[in-house]
Amino acid sequence: MVHYLLREPKSATETPSLILLLHGYGSNEQDLFSFSEELPDDAYVISLRAIREISMGGYAWYDLDFTSGAKMINSDQAIESQKIIMKFLDQIQTKYPFDTNSITLLGFSQGAILSFSLALHHPKRFKKIACLSGYPDPELLKDVNMGDDFSQLEFFFSHGKEDPIIPIQWSRQFKSICEELDLDYEYHEYNEGHGINSENYYDLLNFLQ
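The structure displayed is predicted, hence computed values, not measured ones.

Basis of the calculations
- Residues numbered from 1 in each chain as written.
- Predicted model: local features only at pLDDT ≥ 70, side-chain atom pairs only at ≥ 80, totals over all residues.
- Heavy atoms only, no water.
- Helix = DSSP H or I, 4+ residues; strand = E, 2+ residues; numbered from the N terminus.
- Rg over C-alpha atoms; globule rule 2.2 N^0.38 Å.
- Buried < 20%, exposed > 50% of the residue type's maximum accessible area, 1.4 Å probe, protein only.
- Contact = heavy atoms within 4.5 Å.
- Areas by Shrake-Rupley, 256 points an atom, 1.4 Å probe, with all protein chains shown as cover.
- Lys, Arg positive; Asp, Glu negative; His and termini not counted.
- Charge placed at Lys NZ, Arg CZ, Asp CG, Glu CD.
- Salt bridge = Lys/Arg side-chain N within 4 Å of Asp/Glu carboxyl O.

*Asks:* Quick question: what am I supposed to make of the overall build of the protein chain here?
*Replies:* The helix and strand inventory of the protein chain stands at seven helices and eleven strands. Expected size for 209 residues packed as a compact globule is a radius of gyration near 17 Å; at 16 Å, the protein chain falls within 12% of this value. Dimensions of the protein chain along its principal axes, counting C-alpha atoms only, are 50 × 40 × 35 Å. Here the protein chain, with 209 residues, has 51% of them falling under the buried criterion. Sequence separation of at least 24 residues holds for 75% of the intrachain contacts in the protein chain that already meet a minimum separation of 6. Accessible area for the protein chain stands at about 9800 Å²; split by element, carbon and sulfur atoms hold 46% of it. Distance from the positive charge centre (16 side chains) to the negative charge centre (32 side chains) of the protein chain: 3 Å.

*Asks:* Hey, could you run me through the pattern of salt bridges in this one?
*Replies:* Between side chains of opposite charge, a pair can form when the charged atoms approach closely. Summed over the entire model, instances satisfying the criterion amount to eight salt bridges. Glu-29 serves as the salt-bridge partner of Arg-49, at 3.1 Å between the closest nitrogen and oxygen. Here the residue Arg-49 occupies a position in the loop between strand S3 (43-48) and strand S4 (52-53), and Glu-29 occupies one in the loop between strand S2 (17-22) and helix H1 (30-33), the gap between them amounting to 20 residues. We classify Glu-29 as buried; its relative accessible area is 8%. Between Arg-125 and Asp-90 there is a salt bridge, with the nearest N and O atoms lying 3.1 Å from each other. Separated by 35 residues along the polypeptide, Arg-125 in the loop between helix H3 (110-121) and strand S9 (128-132) and Asp-90 in helix H2 (residues 75-92) bring together distant segments of the chain. Residue Arg-125 is classed as partly exposed on the basis of its relative accessible area of 23%.

*Asks:* In this structure, what is going on with unusual backbone geometry? I would like to understand it.
*Replies:* Not every positive phi belongs to a glycine, and Ser-109 is a case in point at roughly 55 degrees. Here Ser-109 is to be found in the loop between strand S8 (103-108) and H3. Overall, Ser-109 belongs to the buried group, its relative accessible area being 8%. If you check the backbone angles, Ser-133 has positive phi at about 55 degrees while not being a glycine. Mapped onto the secondary structure, Ser-133 falls in the loop between S9 and helix H4 (138-141).

*Asks:* Is there a simple way to explain the environment of Ile-113 in this structure?
*Replies:* Along the polypeptide, Ile-113 turns up in helix H3. Residue class for Ile-113 comes out buried when judged on its relative accessible area of 4%. With 97 residues separating them in the primary sequence, Ile-113 and Pro-16 have C-alpha atoms 26 Å apart. The contact partners of Ile-113, leaving out residues within four places of it in the chain, are Tyr-62, Gly-134, Tyr-135, Asp-137 and Leu-140.

*Asks:* What am I meant to see in the side chain of Ser-158 here?
*Replies:* Secondary-structure assignment places Ser-158 in strand S10 (residues 154-160). The exposure class assigned to Ser-158 is buried, which follows from its relative accessible area of 0%. Setting aside anything within four residues of it in sequence, one finds Ser-158 in contact with Cys-131, Leu-132, Ser-133, His-188, Tyr-190 and Asn-200.

Written out as structure tokens, the structure is:
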């Protein structure tokens with residue numbers, strides 16, 4: 001079982017939703033969970049710890065390779081992480097009575113890259129997908145069935161114009177894919193780096209309501 005943090009619903013409801021948080025490279029499950037109390041009261045909020053331990057006590061969903069001068073992802077590890085996340089969702093269905101038709105993915109950086117890929121590979125499993133400071137990785141999307149029904153998905157994308165880690169041009173590819181697949185989405189750019197400023201934060205909370 002993957003390590004995780006849990007915030008149970010703060011208001012009584014027969015069918016609570018689930019918000020699954022996926023942190024970025026080098027971070028841990030505490031990161032996005034820091035604003036869990038601001039997320040919708042009628043939802044379970046679960047923040048997963050990535051499966052690969054790296055230096056300085058951080059974790060990653062997959063390794064990065066900089067030896068060629070470009071940032072290359074280990075796509076096999078990324079695919080393995082996606083399978084583990086889906087298995088985790090199956091495992092906790094009996095433990096937490098959330099509505100399986102109302103699952104939100106919220107990912108930052110690596111977590112955003114995986115969230116977008118998971119949603120397109122399993123469009124019937126998710127409802128809202130928030131991708132913060134990420135980009136659509138072609139290696140993870142090359143086997144997506146473009147003829148699937150994506151109509152129940154709602155996407156939120158945000159990125160910093162001064163992001164030194166993931167260039168803003170990479171993030172803008174989200175828009176072209178969404179338009180090609182006729183996806184329901186909103187895309188935002190902010191005067192920030194590789195992070196979440198207050199404007200981004202409140203736009204995100206508005207999307208999740």
